[in-house]
Amino acid sequence: MREIRGDVSRWFEAGHAVALAQVTKTWGSSPRAAGSVMAVSDGGGIAGSVSGGCIEGSVVQTALDCLEGSRSASLERFHASTARAQEVGLSCGGNVEVLVSRLDRSLFEVERAELDADRAYVRVSMVEGAGNGSDADGVGACFLLVSPDASAASECVGLRAREASGLPAWRIVAPREVEERLSAAALASAAGKVADAPSASEAGLVRTDAGTFFYARTNPQPVLVCVGSVHISIHLTRMAKMLGYRTVVIDPRGAFATKERFPFVDELVHAWPQEAFRTLRLNESTALCALTHDPKIDVPALAAALDSPAFYIGSLGRFTTQLSRYRQLARLGYDDAAVARVFGPIGLDLKGRSPAEIALSIMAEITAVRRGGSFPSSTMLASARWAEKEL
């Protein structure tokens, strides 16, 4: 939704109706994961995607049918072995299910407000009723789980916001007609099931007495913090922007951290790390890379990252550099368990040499850590232990 919200906002403001297609289930080599979305306006506008292009045409037609009123929602199934899947081009061996339904503007306004505030929220949609799965069972009905801090819900006409019993971290926001159609108890039951799902699962299905619901979590936008406005940082921040990260470059040397060198970076901070991290907060969505080779800059940055829940911390430099950083962090009171969180030498060993290739190796490692990939990596602790033996 973060990528398509601008288009959807423009369509609504221009008076168009909008349908949302959501990938709810995949098997095999499906090109897009569950949770992928595509929006379609009644004017023919398209934003996002639900496949590599093979089923888009069929989904767009279903979306237009929903907007024209022939049906308000539909769960489309594309199984590679069926004639229909072959007709639309799904020949890669994958199977996809896509829920297509009209997007409620008021509910979207709440969703957009959560995106703008960079808060976590969950979109929950019914994909199958407990009965025969017809529209009368509420297929396509959608509600949100939002933070108690979300105030937009109370300002939108046609919505109801209520506390989620037993879920203090969430509020249920639903169109009035959805609550009346499914009942407040049914929404609460689905919300409880979603809350019990593994937090690492970004999308999935839950089953209740009312039917089957699909959920898609939207977490705060990931942030890449590069400490040091070196050449690697130029390529690394550019790659991170392409992958949806907010980018920050910190360097007390103003001559290097300039808009001319970093025109696409979201925030340039001309300060020492000790000063920068008094206001710049590192959270679970943050990756920090210490890249200057200057211990006066890198070590305080690494210490700030170790004091935070940042999901990735990387340190540039070969094994002797990692040993030096390890000893400095140890003198600051960080034990081996803490230092083991730092990846160093930074990046996967792709054998690259140019700044762009090194940046690629770093972004690959960050992606693998974020997504739970399996890969050979080096930590500062292991590198320091190896260097101690070799010296």
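Higher on the page you've got the structure.
First things first, this report covers the structure right here in the doc. (Residues numbered from 1 in each chain as written. Predicted model: local features only at pLDDT ≥ 70, side-chain atom pairs only at ≥ 80, totals over all residues. Heavy atoms only, no water.)

### Regarding the overall build of the protein
For the protein, the count of helices and strands is 13 helices and 17 strands. Projected onto the principal axes, the alpha-carbon positions of the protein cover approximately 75 × 45 × 40 Å. Relative to its full complement of 391 residues, the protein shows a buried share of 52%. Contacts spanning at least 24 positions in sequence make up 61% of the contacts within the protein whose residues lie at least 6 apart. For the protein, the exposed surface amounts to about 17,300 Å²; the carbon and sulfur share of it is 50%. (Helix = DSSP H or I, 4+ residues; strand = E, 2+ residues; numbered from the N terminus. Buried < 20%, exposed > 50% of the residue type's maximum accessible area, 1.4 Å probe, protein only. Contact = heavy atoms within 4.5 Å. Areas by Shrake-Rupley, 256 points an atom, 1.4 Å probe, with all protein chains shown as cover.)

### Things to note about the environment of Thr208
Structurally, Thr208 can be placed in the loop between strand S10 (203-207) and strand S11 (211-218). Between the alpha carbons of Thr208 and Phe78 there is a distance of 25 Å; along the sequence they are 130 residues apart. Filtering out sequence-adjacent residues up to four positions away, Thr208 remains in contact with Ser189, Ala190, Lys193 and Phe213. Within the structure, Thr208 has its side chain in polar contact with the backbone nitrogen of Ala210 (distance 3.2 Å). (Polar contact = N/O pair within 3.5 Å; in protein donor to acceptor, adjacent residues only side chain to side chain.)

### Structural notes on the nonpolar core
Judged by nonpolar contacts, the single largest core of 34 residues is most densely connected at Val225, Ile250, Phe277, Leu288, Ile313 and Leu329. Ranked by residues supplied to this core, first place goes to helix H9 (residues 295-306) with eight residues. Every residue in contact with Val225, bar those within four places of it in the chain, is listed here: Val248, Ile250, Phe277, Leu280, Leu282, Thr286, Ala287, Leu288 and Cys289. (Core = buried A, V, L, I, M, F, W, Y, C linked by side-chain atoms within 4.5 Å.)

### A word on the pairing of strand S9 (residues 171-175)
Among the five residues in S9, five count as buried, and that is most of the element. Alternating positions in S9 separate into two faces, Arg171, Val173 and Pro175 on one and Ile172 and Ala174 on the other, with burial throughout. Pairing between strand S7 (residues 142-146) and S9: three bridges, direction antiparallel. When the sheet's bridge partners are listed, Val146 is paired in S9 with Arg171. (Pairing = 2+ DSSP bridges.)

### Details of the packing of aromatic side chains
Following the criterion strictly, the structure yields five aromatic pairs and no others. When the ring of Phe12 is compared with that of Phe108, the centres are 5.7 Å apart and the planes differ by 45°; the resulting orientation is tilted. On the criterion of sequence distance, the pair formed by Phe12 in helix H1 (residues 5-13) and Phe108 in helix H4 (residues 105-117) is long-range, its members being 96 residues apart. Note on Phe108: relative accessible area 0%, which makes it buried. Seen from their ring centres, Phe143 and Phe213 are 6.4 Å apart, and the 70° between their planes marks the pair as edge-to-face. (Phe/Tyr/Trp six-rings, centres within 6.5 Å; stacked < 30°, edge-to-face > 60°.)

### Some thoughts on the sheet that holds strand S1 (residues 18-27)
Taken together, five strands build an open sheet; the order of strands is S3-S2-S1-S5-S4 and the sheet is antiparallel. The two strands at the open ends of the sheet, each matched to only one other strand, are strand S3 (46-48) and strand S4 (73-79). Averaged over neighbouring strand pairs, the angle between their axes works out to 20° when direction is ignored. Of the strand pairs in this sheet, S4 and strand S5 (residues 95-102) are connected by seven bridges, and their pairing is antiparallel. Each bridged residue has a counterpart across the sheet, and for Ala73 the counterpart in S5 is Ser101. This element, H1, spans S1, strand S2 (37-41) and S3 of the sheet and lies at about 20° to S2. Where helix H2 (residues 56-68) meets the sheet, it contacts S1, S2, S3, S4 and S5, and its direction lies at approximately 50° from that of S2. (Axes fitted to C-alpha atoms, helices over the stretch in contact; angles between N-to-C directions.)

### A short note on the environment of Val227
In this structure, Val227 sits in strand S12 (residues 223-227). For the pair Val227 and Pro273, spaced 46 residues apart in the sequence, the C-alpha separation amounts to 7.9 Å. When near neighbours in sequence (up to four residues on either side) are disregarded, Val227 contacts Ile250, Pro273, Leu288, Cys289, Ala290, Leu291, Thr292, Ile297, Asp298 and Ala301.

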